[in-house]
Amino acid sequence: MTIALTPHQALDQYKRALATHDWRQVAPWLHEDACFVFSDGTFKGKAAVCDAIRQTFEWIRGEEYRIADLHWTHVGEHFAACVYDFAWSGLVDGQAAEGHGRGSCTLIKDAQGWRLLQEHLGPPAQL
């Protein structure tokens, strides 16, 4: 991880870490006070978020996670926020599975660089 990254680059690195399916590569991108909201619950603190991500990796084998239509709502010196569409696919219990929805996240910059403070993944927007 490097402090010189922009929030967009840090989010890209986080996505690359997720693609490894190794929570140890994901963990450095999470702030100690991280709070993630997924369809199966709200996870508060880095340890709880890491456990949730690790369980997702075990539940969805070979997961491919994609972000599209990324829109940064704010990018400041120490705080950034964005919204996006997400989609995932992989194997659940040996069967092909997929899902999609809307997401948002906030990143903060501290002595370790840009890290995710909050992520919320939910259902797709209603038209």
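Read on for an overview of the structure. Note that the coordinates shown come from a computational prediction; the quantities given were computed from them, not determined experimentally.

On to the overall build of the protein chain. Looking only at helices and strands, the protein chain has three helices and six strands in total. Traced from its N-terminal end to its C-terminal end, the protein chain shows the element sequence α-α-β-β-α-β-β-β-β. The C-alpha atoms of the protein chain give 14 Å as radius of gyration, which agrees with the globular expectation for 127 residues (14 Å, within 12%). In terms of overall dimensions, the protein chain has C-alpha extents of about 45 × 35 × 25 Å along its principal axes. Taken across its 127 residues, the protein chain has 39% of its residues classed as buried. Within the protein chain, contacts between residues at least 6 apart in sequence are counted, and of these 46% link residues at least 24 apart.

Turning to its location among the elements, H31 is positioned in strand β1 (residues 30-38). Residue H31 is classed as buried on the basis of its relative accessible area of 11%.

Moving on, we come to the packing of aromatic side chains. In this structure the tally under the stated criterion is four aromatic pairs. Ring centres of F36 and F38 lie 5.8 Å apart, and the angle between their planes is 90°; this geometry places the pair in the edge-to-face category. On the basis of an interplanar angle of 45° and a centroid distance of 5.9 Å, the ring pair of F38 and F43 is categorised as tilted. Taken as a pair, F38 and F43 share a single burial class, namely buried. Aromatic rings pair up to connect F36, F38 and F43 into one cluster. Seen from the ring of W23, R54 lies directly overhead, with NZ or CZ sitting 4.4 Å from the centre.

Cut-offs used in this document
Residue positions are counted from 1 within each chain, in the order its sequence is given. Given that the model is predicted, a residue must reach a pLDDT of at least 70 before its local features are reported, and side-chain atom pairs must reach 80 or more before they are shown or counted; all residues, however, enter totals for whole chains, interfaces and linings. Hydrogens and waters are ignored; side-chain quantities use all the structure's heavy atoms. Helix and strand assignments come from DSSP, with helices taken as H or I runs of at least 4 residues and strands as E runs of at least 2, each series counted from the N terminus. Two things to know: the radius of gyration comes from C-alpha atoms, and the globule rule equals 2.2 Å times the number of residues to the power 0.38. Burial here depends on accessible area, computed with a 1.4 Å probe over protein chains only, as a share of the maximum for the residue type. Under 20% is buried, over 50% is exposed, and the range in between is partly exposed. Should any heavy atoms of two residues lie within 4.5 Å, those residues are counted as being in contact. In this analysis, rings of Phe, Tyr and Trp, with Trp reduced to its six-membered ring, are considered paired at centre separations within 6.5 Å, and the interplanar angle assigns stacked below 30 degrees, edge-to-face beyond 60, and tilted for intermediate values. Remark: a charge is flagged as sitting over a ring if the NZ atom of Lys or the CZ atom of Arg is within 6 Å of the ring centre and within 35 degrees of the ring normal.

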